[in-house]
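# Secondary and tertiary structure notes
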Amino acid sequence: MSRPTGNTRLKAARVAAGYNSQQALADAMTGAAKDLGIRGLSVGVRQVRRWESSTPPWPQPDCQRVLTHLLGQGIESLGFTAPWKSDAQQPDPLRRDLVVGTFAAAGLAAVPKQVSASVQPASAGADFEAVTRSHRRLYWTVAPATLHPAVLAHAALGCALLPETSFKTRRTVAAALAESYLLAGRIEFFDMRQPDVASETLLRALQAAGEADDPLLGSAVLAHSAFIPAWEGLRDKAEERMLAARTYARRGPASAEFLAWLDAVEAECETRCGNTRTALRLIRHGEEVLTAGTEHPTPSWMDWFSPVRLAAFKGNTQLQAGHLPQARETLLRVVEELPRGADKQRTVVYGDLAAVEAAAGNPEEACEYAFRALDQLTVTWYATGMDRVREVRRALAPWQHERCVRDLDDRLYGWGTTVSALMR
């Protein structure tokens, strides 16, 4: 029995999406191009035949966009090999920007659009959304390594449901899918320290938000994506993503809390890039926005921000700016006002208080706060919190022979802490 030849991946995806012939896919692509606002794109059966050959050419960007739009898979998953994969020079991953119109450049599309013959009942949207909501709450207490696979599996279910829904149910599933991918991206970046993986996951979230036509979700995804280049000191990239995030926020009924959070995110990005004066100005603006308020409610999925968390951003920025007395006062107030359940944020604040004392030349006080952060991390793991503790330990190098610093080393590099960190 002879084995199938040619690009079997594309053929299988075509048939699975309901296009039983190459001509049917060609016609669908020509029609979809108009829907996507791509002018002048006409795909013939000969082109599809070439793509399904044993040596398929790399599709042009507009064709990539339409293919991924119709078939719901990344371009490489459809059997195509990028020309640069055979070159020694690899492309800069930061070229894969998370701004509208660049989906195809990433070669990634996990959000299908082709509606299948079977249709899910309206209850499917509410049921899928309920699980998404539960995952969102579990994020604050469940270990990242445990929750992350469940969130991704749920997102895969959403991708399977989406082609079988329509109208309001489809928008509900798409919005919940965007939330799931956003949660997965947050775990990958903040808890697992996998920025490259988070970048791709956030792109999926942005696509799903587009399917739901939810500009606030899109804004939230884009703002989260700005953290990734900011952590590398790439201010221009972060600034571009924040500009896109603010543009999307203007299209939706953004609450004062949402707008203040955008200020906080941009302030964090500026702080990471060494621009603390700009960051403090942004935080002041966020405080003013919260005071003024708006008539719009905050989205239920935005459970990671509040006025006290804006103050936590402020305390970290004051620390980085060298305003130690102000940072200490702000962070101590944050510790008192953080609500129950904000344990991940608590580890970060303890780490920042430790950094304040280290910068002030108080190694014993710095170690005491670092111990508190480590105590909390044994209960609720958070990679960002552990990063803060490690930064404090580096700042304590001048006192490394002091008893308190040695005790911190014993705790920081004890069997339990080290194994726990690697397991997470």
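You'll find the structure just up there.
Keep in mind it's a predicted model, so treat the numbers as computed, not measured.

Enumeration according to the criterion identifies 18 salt bridges in this entry. A salt bridge links Asp352 to Arg388, with the nearest nitrogen and oxygen atoms 2.8 Å apart. Of this pair, Asp352 sits in helix 15 (residues 343–359) while Arg388 sits in helix 17 (residues 383–395); the two residues are 36 residues apart in sequence, bridging distant segments of the chain. Linked through salt bridges whose partners overlap, the residues forming this network are Arg235, Glu239 and Glu270.

Turning our attention to the nonpolar core. Counting residues in each nonpolar core, the largest one holds 99 residues, and the members touching the most others are Phe258, Trp261, Trp304 and Phe305. The dominant element in this core, judged by the number of residues it contributes, is helix 7 (residues 167–191), at 13 residues. Trp261 has contacts with Ala220, Ala223, His224, Met302, Trp304 and Phe305, leaving out every residue within four places of it along the chain. If you look at the next biggest cluster of nonpolar residues, it comprises 24 residues, including Ala17, Ala33, Leu70 and Phe80.

So, about helix 13 (residues 307–320). Between its first and last C-alpha atoms helix 13 spans 20 Å; for 14 residues at 1.5 Å apiece the expected length is 20 Å, and the two agree. With 11 of its 14 residues buried, helix 13 lies for the most part within the structure. Buried within helix 13 are the following residues: Val308, Arg309, Leu310, Ala311, Ala312, Phe313, Gly315, Asn316, Thr317, Gln318 and Leu319. Looking at the buried side of helix 13, the elements it contacts are helix 11 (256–272), helix 12 (276–292), helix 14 (324–337), helix 15 and helix 17. After helix 13 finishes, the residue Gly322 shows a positive phi value of roughly 85 degrees.

In this description, a pair of aromatic rings is defined by centroid distance and the angle of the planes. Under the criterion given, the structure shown has 11 aromatic pairs. A network of ring pairs unites the aromatic residues Phe189, Phe190, Phe227 and Trp231 as a single cluster. Sitting over the face of the ring of Phe189, Arg193 holds its NZ or CZ atom 5.4 Å from the ring centroid. In this structure, Lys344 packs its charged tip against the face of Tyr139, placed 3.4 Å from the ring centre.

Calculation notes
Residues numbered from 1 in each chain as written. Predicted model: local features only at pLDDT ≥ 70, side-chain atom pairs only at ≥ 80, totals over all residues. Heavy atoms only, no water. Salt bridge = Lys/Arg side-chain N within 4 Å of Asp/Glu carboxyl O. Helix = DSSP H or I, 4+ residues; strand = E, 2+ residues; numbered from the N terminus. Core = buried A, V, L, I, M, F, W, Y, C linked by side-chain atoms within 4.5 Å. Buried < 20%, exposed > 50% of the residue type's maximum accessible area, 1.4 Å probe, protein only. Contact = heavy atoms within 4.5 Å. Expected span 1.5 Å × (residues − 1). Phe/Tyr/Trp six-rings, centres within 6.5 Å; stacked < 30°, edge-to-face > 60°. Lys NZ or Arg CZ within 6 Å of the ring centre and 35° of its normal.

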